[in-house]
Each structure stands twice: as structure tokens, then as C-alpha cells.
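# Inside the fold
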Amino acid sequence: MWYTNPLEADTNRDGLGDGQEWNVGKTTAPSDTGAPSGAGKPYDTDGDGEPDLFDRDNDGDGVPDSLDLSPISQLRV
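Structural notes, computed from the coordinates. Every value quoted in this text rests on a predicted model; they were computed, and no experiment measured them.

### Side note on the pattern of salt bridges
Tallied over the full model, the rule gives 1 salt bridge. Note that Glu-8 and Arg-13 form a salt bridge whose closest N and O atoms lie 3.0 Å from each other.

### Describing the side chain of Asp-68
Position of Asp-68 relative to the elements: it lies in the segment after helix H1 (18-21). By relative accessible area, which is 15% here, Asp-68 ends up buried. From its side chain, Asp-68 meets the backbone nitrogen of Ser-70 in a polar contact 3.0 Å long. Beyond its immediate sequence surroundings of up to four residues, Asp-68 is in contact with Asp-59, Asp-61 and Val-63.

### Considering the environment of Leu-53
Its place among the elements puts Leu-53 in the segment after H1. For Leu-53 and Tyr-3, which are 50 residues apart along the polypeptide, the C-alpha to C-alpha distance reads 9.2 Å. If we ignore the near neighbours within four places in the chain, the residues touching Leu-53 are Thr-4, Asn-12, Asp-18, Glu-21 and Trp-22.

### What about the side chain of Asn-12?
Structurally, the position occupied by Asn-12 is in the segment before H1. A distance of 3.2 Å separates polar atoms of two side chains, one belonging to Asn-12 and the other to Asp-14. At 3.4 Å, the side chain of Asn-12 forms a polar contact with the backbone oxygen of Asp-52. Apart from the residues within four sequence positions on either side, Asn-12 is in contact with Glu-21, Asp-52, Leu-53, Phe-54, Asp-55 and Arg-56.

The rules behind these values
- Residues numbered from 1 in each chain as written.
- Predicted model: local features only at pLDDT ≥ 70, side-chain atom pairs only at ≥ 80, totals over all residues.
- Heavy atoms only, no water.
- Salt bridge = Lys/Arg side-chain N within 4 Å of Asp/Glu carboxyl O.
- Helix = DSSP H or I, 4+ residues; strand = E, 2+ residues; numbered from the N terminus.
- Buried < 20%, exposed > 50% of the residue type's maximum accessible area, 1.4 Å probe, protein only.
- Polar contact = N/O pair within 3.5 Å; in protein donor to acceptor, adjacent residues only side chain to side chain.
- Contact = heavy atoms within 4.5 Å.

This is the structure:
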């Protein structure tokens, strides 16, 4: 079970607020994230099993979210 810190606006301190990364009560992820949908489940954009709320690299591209210009999508060249 995953829990947030109610005293922190950004539990994992990746520069994205908990409200942006937590999916409680929603049935689908925003269409631009590519994240799997699921009612009440937290987003896991890169599918690594660690919810974005606690993942320091949401898209799994190797760049920490705090430094990533696009933390919810991988740049493919």
C-alpha cells in the first residue's frame, strides 16, 4: 500500500505536486501521459510498478523528474 505525506505538497520531491501524480477516484490517466488507466489506482507512467507519486523518474527515461523537461513522456529520437 502506498501512502502520501499529508504535510508535503510533493511527497517524492520530484517537482510534480502529489495532486498531479495521484489518481484516486479517476478512471483514466490524462491522454497525454500514456499511463495505464484504472479506477482508484495511482498513475505508473513507465509501468515499473512504482506509482508516479513515489517514482523519481515517472517516464523511465533515466532523467530524474526534477531535471526532466517532460517528466511524463519519453523523448524518442
